[in-house]
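# Observations on chain architecture
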Amino acid sequence: MSENTPPLAVPEHSVESFTRSFLRELNYGRGVDLDRASANDKYFALSRAVRHYLTTRWLETLRNQHRDQAKTVAYLSAEFLLGPQLENALLAADLEDIARDALANLGEDIEELRAVEVEPGLGNGGLGRLAACFIDSLATLNVPSVGYGIRYEYGIFKQTFVDGKQVEKPDHWLHLGSPWELPHPEYSVPVWFGGHTEEATNSAEGARTWVPSWHVTAKPYNYMVPGYRNGRVNTLRLWSARARHDFDLREFNAGEYTEAVRARTFAENISKVLYPEDSTPQGKELRLQQQYFFVAASLRDFLDHVLPEDYDLHNLPNRITWQLNDTHPVIAVPELMRILVDEKGWDWADAWAVTQKVFAYTCHTLLPEALEVWPVELLGRLLPRHLEIIYRINEEFLEEVREAFPGDELRVRRMSIIAEEPGRAVRMAHLATVAGFKVNGVAELHSELLKDKVLNDFAEMWPDKFTNVTNGVTPRRFVRLANPGLSELITAGIGDGWITDLEQLRNLEPLADDPEFRRAFRDIKGANKHRLAQVLKDRDGIELAGDGMVDAMVKRLHEYKRQSLKLLHIVSLYEGIKSGRIPLESVTPRTFVFGAKAAPGYVRAKETIELINAIGRTINADASLEGRLKVAFPPNYNVTLAEMLIPAADLSEQISLAGKEASGTGNMKFALNGALTIGTDDGANVEIRKLVGDDHFFLFGMSEPEASDLQAEGYDPGAYYESDPQLKAALNLIGSGHFTGGDRDGAAGSIFASLTQRDRFMALADFRSYMDAQERVESAYADYESWSRSAILNIARSGFFSSDRSIQDYLDRIWGAKPIDQNH
Ligand code: 73E
């Protein structure tokens, strides 16, 4: 196609035109007519019809990108937790009403078709969802950018409960195909592994030749990333692993059919399944293969297909920033060095100068055990040349350290990219920090702790390298789509500018004092609860506690997040009522809603799930508590369920031990939907509390310095157990097997023992303060008029937590890329 080919016109925005598109897709795309179409046929035709409206914009964006050669942000992430695509595309293309009406005229209910969609669950939790919010904001802010990741055939497992225990089922999300992806096999690239290195065939200083021993083909699938009604549609490119040839013909002819198929299966395993771990790295060979696979394909793609053929790579820092989403893509650093030195023949120093200007690293954790390390033996076997390059980077880096801190060999050992103990291993966070021109944490407190603790040596050496970008969430998905009632109310009050400029929510502040507005807000919250109740009843047979408080704790199951502290509160209430200490009439009717997946190999997390279900079963079956307390734990918490649940919540539980949750992003979604937070001073909670004000936030627990002092002094959970009779009673009730049919050995016994003996995240130390805060919650909720005022103020003051603001911060502090209006 010539550069001058006029773009296709965007189809007309009318019910008639949309109806034609839909029927054409149904007839020609699916080969069925309406009478015979399955729900999946109709869902496909609907999605494809919507896609038409965005495709012209997509082509224009690509065309402009090629023409402008503007600075681009490439977001490299092993996870993109996208959530349902159809609703977002309808919104971006401004087709919600047209599509609904067009289908209604044909006798179809758009909601029924939407329900057919299986969300692409290509992420574990916050990190993957953040990547999805960021590409949405990049497009909406008109930033030339591309997301690169892996097209896992199986996303995060489907969680089911059998006898209250988590049982994982494969998530075959592609089972019925996906209308949102476009494969481009012609842009496939080979990715090599293994082998050995030899003396270089070029004369560049530092060069070697890598002679790999096997390879797979990386096949790209493109996904549209539409900006919000701004004419830009960016690209998300996900890679799928294919065997080099369908079959090795020689083997096939020799009748070695099974061997030929085995080799194919081996290669294709690379993009088969998402590692279901969150916040803990899995030191598995296949995971390292996945990481190198997508990173090598992405670099190759950008250098060979996005840049013009004669591009002078010395200008690369003006053309791109590769943003590393945690350490998972950090192997990109030695890969770029290898390309520049071994393939392009640059001297090492020139290559390193450029490499150091194109990567920036986002760290998402503080837990030392969550920092990724790769055994030297494994890395050397899979990527021998990359290991050599890492060694040389380290050598030169340690020289720099020695110059800056003469005689401080202890520091040199702490900072080395290579750990010596317990076995030789590459510390990926150190490599990322050395190579990146910027390193950022994901909330203010987290960024401070990174500088003061986890990466302190590096911050002393390069103070300017470190910065903060507080996370954010996209208001399009998490307010406008998830909460249409609230969105209409906000728009009626302050106009619809907030959808792309969330700080405008500030204009709601005066309306918090308007009784009419508060009533309208309460009606919407009530309707959202009703919608949630209906779904939980139909889906899982779960009943809510009348129209009482919805108290939600939804996030991955992890000890540091302290779902067990939430359980201690519930059990203590239950025990208080049962023993007569707490009069039943004084208890606020409330439903405790949990959503949480546990990593399949994380035993304590799975036991906690079992215990939540056991406690829930006991409480829900107790007729005397009817209408007062309920526990709802719908299985398989995902983006779809989040969009249903968050708008219905009154209370948001953000109760991690201070200093452990890097940021949290669920906390932001709840505040923006008018839930009040009960939380510790951890992660982004700190910023939420400062913005919404202490009067509209329930703070409890130790601060980070208090928690680390207590840890240093020697923490003894037994002392708390012995000295607080209510805590003791709650723990004893759990330990006695009361909730587990008399069984004291399984989940109940194990969690009792772990809390009373070790309690690594100091739940017992924060219990009393948490209970007091819950009492403040109860009395505040009793005045629902004033509670709703606080809820509205939470919304009005949370505009800062838009991912648009995060992306603007990345642009200003790190990327130096500029928005480009598509309509210029
Ligand atoms: O605090 C969250 C944070 O909000 C943090 O735990 C999470 O990232 C969110 C977004 O910044 C996170 N996930 C991982 N590390 N931190 C992780 C690590 C390994 C595999 C998968 C996810």
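The rules behind these values
- Residues numbered from 1 in each chain as written.
- Predicted model: local features only at pLDDT ≥ 70, side-chain atom pairs only at ≥ 80, totals over all residues.
- Heavy atoms only, no water.
- Salt bridge = Lys/Arg side-chain N within 4 Å of Asp/Glu carboxyl O.
- Helix = DSSP H or I, 4+ residues; strand = E, 2+ residues; numbered from the N terminus.
- Buried < 20%, exposed > 50% of the residue type's maximum accessible area, 1.4 Å probe, protein only.
- Lys, Arg positive; Asp, Glu negative; His and termini not counted.
- Polar contact = N/O pair within 3.5 Å; in protein donor to acceptor, adjacent residues only side chain to side chain.
- Contact = heavy atoms within 4.5 Å.
- Near = heavy atom within 4 Å.
- Areas by Shrake-Rupley, 256 points an atom, 1.4 Å probe, with all protein chains shown as cover.
- Nonpolar A, V, L, I, M, F, W, Y, C, P; charged D, E, K, R; others polar.
- Phe/Tyr/Trp six-rings, centres within 6.5 Å; stacked < 30°, edge-to-face > 60°.
- Lys NZ or Arg CZ within 6 Å of the ring centre and 35° of its normal.
- Pairing = 2+ DSSP bridges.
- Axes fitted to C-alpha atoms, helices over the stretch in contact; angles between N-to-C directions.
- Parallel < 35°, antiparallel > 145°, perpendicular 65-115°, else oblique.
- Left-handed = near helix turned anticlockwise from the far one by under 90°.
- Right-handed = clockwise from strand over helix to strand, strands pointing away.

## Considerations on the pattern of salt bridges
Enumeration over the complete set of coordinates arrives at 68 salt bridges. A salt bridge links Lys606 to Glu168, with the nearest nitrogen and oxygen atoms 2.7 Å apart. With Lys606 in helix α23 (residues 603–621) and Glu168 in strand β6 (residues 165–169), this pair connects stretches of sequence that are 438 residues apart. Arg518 is paired through a salt bridge with Glu785; the nearest N and O atoms lie 2.7 Å apart.

## Some points on the side chain of Lys597
In this structure, Lys597 sits in the loop between β21 (590–595) and α23. Glu119 provides the closest opposite charge to the buried, unpaired Lys597, separated from it by 7.3 Å. Of the polar contacts made by the side chain of Lys597, one reaches the backbone oxygen of Phe157; its length is 2.9 Å. Sequence-distant contacts of Lys597, that is, excluding residues within four places in its chain, are made with Ile156, Phe157, Gln159, Gln166, Lys555, Arg556, Leu557, Ile609, Asn636 and Tyr637.

## Concerning the site of the ligand
With respect to spatial proximity, 17 residues lie near the ligand, and among them His364, Asn471, Glu661, Ser663 and Gly664 are the closest. Here Ala662 contributes a backbone N or O atom positioned 3.3 Å from an oxygen atom of the ligand. At 3.1 Å, a backbone N or O of Ser663 approaches an oxygen atom of the ligand. Within the complex, 96% of the 480 Å² of free accessible area of the ligand lies under protein. When residues of the shell around the ligand are assigned to their parent elements, the largest contribution, 3 residues, is made by helix α6 (residues 126–140). When grouped by side-chain class, the residues that make up the shell around the ligand number 5 nonpolar, 7 polar and 5 charged.

## Quick look at the packing of aromatic side chains
The relative placement of two aromatic rings is captured by the distance of their centres and the angle of their planes. Per the counting criterion, the structure on display carries 25 aromatic pairs. On the numbers, 4.9 Å between centres and 20 degrees between planes, the contact of Tyr810 with Trp815 is stacked. Given the relative accessible area of 0%, Tyr810 is considered buried. Relative accessible area serves as the criterion here: at 1%, Trp815 is assigned to the buried category. Each member of the aromatic cluster is reached from another via a ring pair, and the members are Phe193, Trp210, Trp214, Phe266 and Tyr292. Note that Lys597 overlies the ring of Phe157, its terminal NZ or CZ placed 5.5 Å from the centroid.

## Looking at the pairing of strand β8 (residues 189–193)
Taking every second residue as pointing to the same face, the buried face of β8 carries Val189, Val191 and Phe193, while none of Pro190 and Trp192 on the other face is buried. Pairing geometry for β8 and strand β11 (residues 214–226), over 5 bridges, is antiparallel. Bridge pairing in β11 links Phe193 to Trp214.

## Description of the packing of helix α11 (residues 332–343) against helix α14 (residues 384–404)
Put simply, α11 and α14 touch, their axes get as near as 9 Å, and they point 95 degrees apart. Classified by the angle between their axes, α11 and α14 sit roughly perpendicular to one another. Residues Val333, Pro334, Glu335, Met337, Arg338 and Asp342 of α11 pack against Arg385, His386, Ile389, Ile390 and Ile393 of α14. Its residues placed into classes, the contact of α11 with α14 shows 6 nonpolar, 1 polar and 4 charged.

## Some thoughts on the sheet that holds strand β22 (residues 629–632)
Pairing in this open sheet of 6 strands is parallel, and the strands run β22-β21-β20-β23-β24-β25 from one edge to the other. Both outer strands of the open sheet, β22 and β25 (698–699), are each paired with one neighbouring strand and no more. Where strand β20 (residues 549–554) meets β21, 6 bridges bridge the pair, whose relative direction is parallel. When the sheet's bridge partners are listed, Met549 is paired in β21 with Arg590. The strands that α23 touches are β21 and β22; relative to β22, the one it contacts most, it runs at about 145 degrees.

## Some points on the packing of helix α1 (residues 15–29) against helix α2 (residues 39–68)
In the contact formed by α1 and α2, the axes pass within 8 Å of each other and the chain directions differ by 130 degrees. By the angle between their directions, the pair α1 and α2 is classed as oblique. The chirality of how α1 crosses α2 is right-handed. On α2, the residues touching Ser17, Phe18, Ser21, Phe22, Glu25 and Leu26 of α1 are Asp41, Lys42, Ala45, Leu46, Arg48, Ala49, Val50, His52 and Tyr53.

## Details of the pairing of β22
Note on strand geometry: in a regular strand, side chains alternate between the two faces of the sheet. Taking every second residue as pointing to the same face, both faces of β22 are buried, with Leu629 and Val631 on one and Lys630 and Ala632 on the other. In this structure, β21 lies alongside β22, joined through 4 bridges in parallel fashion. Residue pairing in the sheet places Thr591 in a bridge with Lys630 of β22. With α23 bridging β21 and the parallel β22, this β-α-β connection has right-handed handedness.

## Observations concerning unusual backbone geometry
Residue Pro422 is reached from Glu421 by a cis peptide bond, and omega for that bond is -5 degrees. Along the chain, Pro422 falls in the loop between β16 (418–419) and β17 (425–427). A positive phi angle, close to 60 degrees, is found at Asn636, a residue other than glycine. When you line up the elements, Asn636 lands in the loop between β22 and α24 (639–645).

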